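Residue-level structural notes
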Amino acid sequence: MAETKGKRQGQSSDGATAAAAASIASVLGDDNLLVEILLRLGSPVWLVRGALVRRRWLRLASDLAFLRRFRGLHPPRILGHGVHRFGLSPRFLPVPQPPELAAAARHAGRALEILGCRDWVMDCRNGRLLAQTYSNGKLRYVVRRLLHEAWETILPPPPPGFSKSGSNRLFLLEDDGDSTSCLFLSMKCDNAKVYAKFSILRSGVWGMEQSAEIELQQNQHYTVLGYKLLMGSKVYMMSSAGRIVVLDLVAPSFFIVELPAEEGCSRSLKFSRAQRSGLYLIDATGLQLRVWHGDGVGQWALVDTISVCEACNHFNVQRWEPDDGQSVPVSVVAVSDNAEFVILKLVASEIVCCMQLGNRVVDKVDEGVLRNYDASVYPIAMVWPPIFPVFD
């Protein structure tokens, strides 16, 4: 009887195991349910590891529509912030990381801090750093992979550009398989005109130099020397007259985009590349942050307003208004792609913080780091999209 009872228990256990396996198979065998499970992994690192399970999981995880949903729920994690002051070596300010991102943060920090006090970070985009460096007394430009410690490429010298009275700058292009592709843009102004000439580096060769010009009535120097963003085949730059000056690299020609009427002539306004199309415009008015989305040619929609006081309440800020009565209380320092993160300076307290716009989570970057006018801070995040494995 004992033997019979043992057999029954064994059969019962085997049946329960089989039922559980069938239940799991019914869930994991359903693409729609599996997609919902993958969406909840919480990090691109875990998504890549999940894609290793089998080809079907990889197919679902690497689907473009799925990746758009995943990024909306889990934006690329900030590994830290680059801080650069003129005449000083760049610094990397790490932020607390889960164990799976600790190594990536260390690599990013080492890749940045190897630069010297005469070097200058010109662009940082999706895991790549473009820097102007000096080696043995010679000026050169290098592209460095922040998450691959030993990866660095020296670029061929760009075209000569305008004289020293102008502004010469390099921008990283979208990484379409050529990690070193970039734009060289040289600008100058003369009386009421602004001039630009540019060339694009692809496959290690600079293309034919092209040029454009535009007549501006106010503060042409501000447009030449001020904030710029490369998005697709256009360079967006601020003017001092409540307008955006846009250089179309394809035409080539300039055109003007009007700002939303509410924005006026703010000098802390920043652009951000939108994931699908258009661009974001982020500005602080008083103690309120405003986020606009535009089509890139003049149509704007206000998509979010955020109280900086409420979002930063946990900092216990003692003073919000600057003593001089003229400075703005909040300044927008930098914005990540897709307007996912914004770096703010609380002027009176000199607190620099990073806000995730999707959930209003705000972390302190540092205090006093932007006391000098010539200092800059920029977020360094994990690359996107994730790099998936290739099955043989």
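Here goes a summary of the coordinates provided.

1. As for the pattern of salt bridges
One pass over the structure, following the stated rule, counts 16 salt bridges. Where Glu 258 meets Arg 243, a salt bridge forms, and the shortest distance between an N and an O atom there is 3.1 Å. Taken as a pair, Glu 258 in strand β15 (residues 253-258) and Arg 243 in strand β14 (residues 243-248) lie far apart in primary sequence, 15 residues in all. When the shortest N-O distance is used, the salt bridge between Asp 337 and Arg 273 registers 2.7 Å.

2. Some remarks on the nonpolar core
Ile 282, Leu 289, Val 342, Leu 344, Leu 346 and Met 355 are the most contacted members of the largest nonpolar core, which has 25 residues in total. Of all the elements in the fold, those that place two or more residues in this core are β17 (279-285), β18 (288-294), α8 (308-311), β20 (330-335), β21 (341-346) and β22 (351-356).

3. Section: the packing of aromatic side chains
A full pass over the atoms with the stated rule returns five aromatic pairs. A centroid spacing of 6.4 Å and a plane angle of 10° characterise the contact between Phe 70 and Trp 384, whose relative ring orientation is stacked. You can see Phe 70 sitting in helix α5 (residues 64-73) and its partner Trp 384 sitting in the segment after β24 (376-381), a full 314 residues away along the chain. Of the two residues, Phe 70 and Trp 384, neither departs from the other in class, the shared state being buried. Through successive ring pairs, a cluster of aromatic residues spans Phe 66, Phe 70 and Trp 384.

4. Brief notes about the sheet that holds β22
In spatial order, the strands read β20-β21-β22-β23; together these four strands make up an open sheet with antiparallel pairing. Every interior strand has two partners, whereas the edge strands, β20 and β23 (361-367), have only one. Adjacent strand axes in the sheet meet at a mean angle of 25° when their direction is disregarded. Bridge count for β21 against β22 is six bridges, and the pairing is antiparallel. Its bridge partner lying in β22, Phe 341 is registered against Gln 356.

5. Focus on helix α3 (residues 44-51)
Extensive coverage of α3 is indicated by the burial of six of its eight residues. Those residues of α3 not exposed but buried are Pro 44, Val 45, Leu 47, Val 48, Gly 50 and Ala 51. Looking at the buried residues of α3, the elements they touch are α2 (31-39), α4 (55-61), α5 and α6 (99-113).

6. Focus on the side chain of Arg 71
With respect to the helices and strands, Arg 71 occurs in helix α5. If sequence neighbours within four positions are ignored, Arg 71 has contacts with Pro 76, Gln 275, Asp 337, Asn 338, Glu 340 and Trp 384.

7. Things to note about α2
For α2, every residue scored as buried is listed here: Leu 34, Val 35, Leu 38 and Leu 39. Projection of α2 onto a plane perpendicular to its axis shows the buried side chains occupying an angular sector of 140°, all on one side. Its side-chain oxygen 2.9 Å from the backbone nitrogen of Asn 32, Asp 30 forms the N-cap of α2.

8. Description of the pairing of strand β2 (residues 91-94)
With four bridges joining them, strand β1 (residues 78-84) and β2 adopt antiparallel strand pairing. Each bridged residue has a counterpart across the sheet, and for His 81 the counterpart in β2 is Leu 93. Counting the residues in the hairpin turn of β1 and β2 gives six residues, including Gly 87, whose phi is positive at 90°.

9. Some words on the environment of Gly 137
When you line up the elements, Gly 137 lands in the loop between β4 (128-135) and β5 (138-145). Spatially, the C-alpha atom of Gly 137 lies 17 Å from that of Leu 155, the residues being 18 residues apart in sequence.

Calculation rules
Residues numbered from 1 in each chain as written. Predicted model: local features only at pLDDT ≥ 70, side-chain atom pairs only at ≥ 80, totals over all residues. Heavy atoms only, no water. Salt bridge = Lys/Arg side-chain N within 4 Å of Asp/Glu carboxyl O. Helix = DSSP H or I, 4+ residues; strand = E, 2+ residues; numbered from the N terminus. Core = buried A, V, L, I, M, F, W, Y, C linked by side-chain atoms within 4.5 Å. Buried < 20%, exposed > 50% of the residue type's maximum accessible area, 1.4 Å probe, protein only. Phe/Tyr/Trp six-rings, centres within 6.5 Å; stacked < 30°, edge-to-face > 60°. Pairing = 2+ DSSP bridges. Axes fitted to C-alpha atoms, helices over the stretch in contact; angles between N-to-C directions. Contact = heavy atoms within 4.5 Å. Arc of directions from axis to C-beta. Polar contact = N/O pair within 3.5 Å; in protein donor to acceptor, adjacent residues only side chain to side chain.

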